[in-house]
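# Inside the fold
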Amino acid sequence: MTWADGFDEQAREILRRNDRGGYTIPTSGLYPYQWNWDSAFAALGFAQFDLDRAWCEIETLFTGQWTNGMVPHILFHAPDEGYFPSHEVWQGTGPIPSSGISQPPVAATMARLIYERDPEIGAARMEMLFDKMVAWHRWFMAWRLDRGAVCVTHPWEAGRDNAPDWDVAMAAITPDGVGEYKRRDTSHVDSSMRPTKYDYDRYIWLVQRGARLGWDEAAMLDGTPFRVADPTMTFTLLRAMRDLAVMGAALGRDTGEIEGWIKVLEAGAATLWNDDLGCYDSRDVRSGTWAGAVSNASFLCWYAGIDRPEMRDLYRDVLAQVKYGVPSLPPSDDRFDGKRYWRGPVWGVMNLMIALGLADMGLTDEAEALRASTADLVAQQGFAEYFDPRDGGPAGGSSFTWTAAIWLGWASPNAQGV
Ligand code: DGY
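The structure reproduced in this document is the subject of the present report.

### Describing the overall build of the chain
Scanning the chain from N- to C-terminus turns up 16 helices and 10 strands. Against the compact-globule benchmark of 22 Å for 418 residues, the chain has a radius of gyration of 20 Å, which places it among compact chains. Referenced to the eigenvectors of the C-alpha coordinate spread, the extents of the chain come out at roughly 60 × 45 × 45 Å. Taken across its 418 residues, the chain has 62% of its residues classed as buried. Excluding contacts between residues fewer than 6 apart, the proportion of contacts in the chain whose partners are at least 24 apart in sequence is 72%. When the accessible area of the chain is evaluated, it comes to approximately 14,600 Å², of which 49% is carbon and sulfur surface. Separation between the mean location of the 38 positive side-chain charges and that of the 57 negative ones in the chain comes to 2 Å.

Structure representation (structure tokens):
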């Protein structure tokens, strides 16, 4: 038994413990439901030891799909008092109590990685999932594009809740009428690691607006104060389209529509290039203002199949500033806050996606260095939700599903290659 075997067992144990039967919660207490992109990564972890359970995770996620194709960011399968805002606040309109927004579309990409472990089983499972994934991607193309780049309508939709990418859009919101509410996140985790009250008032205000409008996309678009074209969504959807097209072709499906979407998104990704910053950046659609942030989402360009020499130099420059990369914001940015969620910390799932992209670009040494550094972080600090990039200090929730999953599927020396 090697040192890594012990960590593998711990990681499997975390997935089993967070398994609620067909779906996995990110961690008990802080996130007691099924989260969209967390589940997709969880599936990659399960695929290392239980392929059927891996497919099941993704299938359960799609049982929450709305008739308009949207796949919600939270499915409230079973009640839990410990989370706010509950489904009563969200008032989602799908088949399962849910939120009213989506999350970065990584399911098709994780499905393709799982598919490749056993293409015969994968083809059988994807037969059922393919049209659902296409419908979800079509919903993004219909409702979330600005000049071909994918926008978020709530910071929670990008998964990077308190990233500086939304500061301009958030400042334009006056959260009148939000009323009294009791946050639950800060009873599970120290408030210095979580978004501020200023942020939360605006998160809830946006949820209340959507609920009031019955989550009708056309009505919400009209006069929306919050619409930001973002690298996370644009790059993950572009990559997911490419992976879906490959699986579609293997299934003998017509992939023409997907190929068309790929062209649109490639053009859209170019609109996220901030010349002054020399980096892919978020663009506030209403004001036209750039976020000016070299975030870890900026480095998902390679994952989306897009290369620019400037990004390679920037990557090395950012890594040189920290002990553990890739920080969600580099210390050279005066908004950096090493423990506060998406304003500095390192996230294993982002590292996995960045490494997949680096490897695709032929930067195999960089991809391997990032894997080894992520493995080191987890081995030293445990399966935390995220980590301080300066010293690796663990932060947020513990026994975290997606950290365990990326360990099993990628970071562990025993991982069978992604
Ligand atoms: C939360 O509750 O903090 C989540 O990030 C929302 O998705």
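### Quick notes on the site of the ligand
If you check the shell around the ligand, you find Tyr 31, Trp 35, His 73, Tyr 83, Trp 156, Asp 161, Arg 194, Tyr 200 and Tyr 341 and nothing else. Contact distances for the ligand include 2.5 Å between an oxygen atom and a side-chain N or O atom of Tyr 83. Protein chains bury 96% of the 230 Å² of accessible surface belonging to the ligand in isolation. Among the residues making up the shell around the ligand, the classes are represented as six nonpolar, one polar and two charged.

### Regarding the side chain of Asn 296
Checked against the element boundaries, Asn 296 lands in the loop between β8 (283-284) and α13 (309-319). Taking relative accessible area as the criterion, Asn 296 reaches 0% and is therefore assigned buried. Excluding its chain neighbours within four sequence positions, the residues that come into contact with Asn 296 are Arg 160, Val 326, Pro 327, Ser 328, Trp 342, Trp 347, Met 350 and Ile 354.

### Digging into the packing of helix α6 (residues 119-143) against helix α12 (residues 256-270)
For the pair α6 and α12, interaxial distance at closest approach is 12 Å and the crossing angle is 35°. Viewed along their axes, α6 and α12 form a crossing whose handedness is left-handed. In this structure, α6 contributes Phe 130, Val 134, His 137, Arg 138 and Met 141 to the contact, and α12 contributes Glu 257, Ile 258, Trp 261, Val 264 and Leu 265.

### Comments concerning the environment of Gln 380
Along the polypeptide, Gln 380 turns up in helix α15 (residues 364-381). As for Gln 380 and Thr 67, which are separated by 313 residues in sequence, their C-alpha atoms are 45 Å apart.

### Observations concerning the environment of Glu 9
In this structure, Glu 9 sits in helix α1 (residues 3-18). C-alpha of Glu 9 to C-alpha of Tyr 31: the two residues are 22 residues apart in sequence and 23 Å apart in space.

### Digging into the sheet that holds strand β5 (residues 228-229)
Spatial strand order, β3-β4-β5-β8: four strands in an open sheet with antiparallel pairing. On the outer flanks of this sheet lie β3 (145-146) and β8, each paired with one strand and no other. Where β5 meets β8, two bridges bridge the pair, whose relative direction is antiparallel. Looking at the pairing, Ala 229 lines up with Arg 283 of β8. Along the sheet face, helix α11 (residues 231-250) touches β4 (149-152) and β5 and points at about 130° away from the line of β4.

### Some thoughts on the packing of aromatic side chains
In this description, a pair of aromatic rings is defined by centroid distance and the angle of the planes. For the structure shown, the criterion picks out 36 aromatic pairs. Relative to Tyr 203, the ring of Trp 156 lies with its centre 5.0 Å away and its plane at 45°, an arrangement referred to as tilted. Taken together, the positions of Trp 156 in the loop between β4 and α7 (167-171) and Tyr 203 in helix α9 (residues 197-212) put the pair 47 residues apart, joining distant regions of the chain. Accessibility classification places Trp 156 together with Tyr 203 in one group, the buried group.

### With respect to helix α16 (residues 401-411)
Across the 11 residues that make up α16, a large majority, 11, are buried. Along α16, the residues classified as buried are Thr 401, Trp 402, Thr 403, Ala 404, Ala 405, Ile 406, Trp 407, Leu 408, Gly 409, Trp 410 and Ala 411.

Conventions we followed
- Residues numbered from 1 in each chain as written.
- Predicted model: local features only at pLDDT ≥ 70, side-chain atom pairs only at ≥ 80, totals over all residues.
- Heavy atoms only, no water.
- Helix = DSSP H or I, 4+ residues; strand = E, 2+ residues; numbered from the N terminus.
- Rg over C-alpha atoms; globule rule 2.2 N^0.38 Å.
- Buried < 20%, exposed > 50% of the residue type's maximum accessible area, 1.4 Å probe, protein only.
- Contact = heavy atoms within 4.5 Å.
- Areas by Shrake-Rupley, 256 points an atom, 1.4 Å probe, with all protein chains shown as cover.
- Lys, Arg positive; Asp, Glu negative; His and termini not counted.
- Charge placed at Lys NZ, Arg CZ, Asp CG, Glu CD.
- Near = heavy atom within 4 Å.
- Polar contact = N/O pair within 3.5 Å; in protein donor to acceptor, adjacent residues only side chain to side chain.
- Nonpolar A, V, L, I, M, F, W, Y, C, P; charged D, E, K, R; others polar.
- Axes fitted to C-alpha atoms, helices over the stretch in contact; angles between N-to-C directions.
- Left-handed = near helix turned anticlockwise from the far one by under 90°.
- Pairing = 2+ DSSP bridges.
- Phe/Tyr/Trp six-rings, centres within 6.5 Å; stacked < 30°, edge-to-face > 60°.

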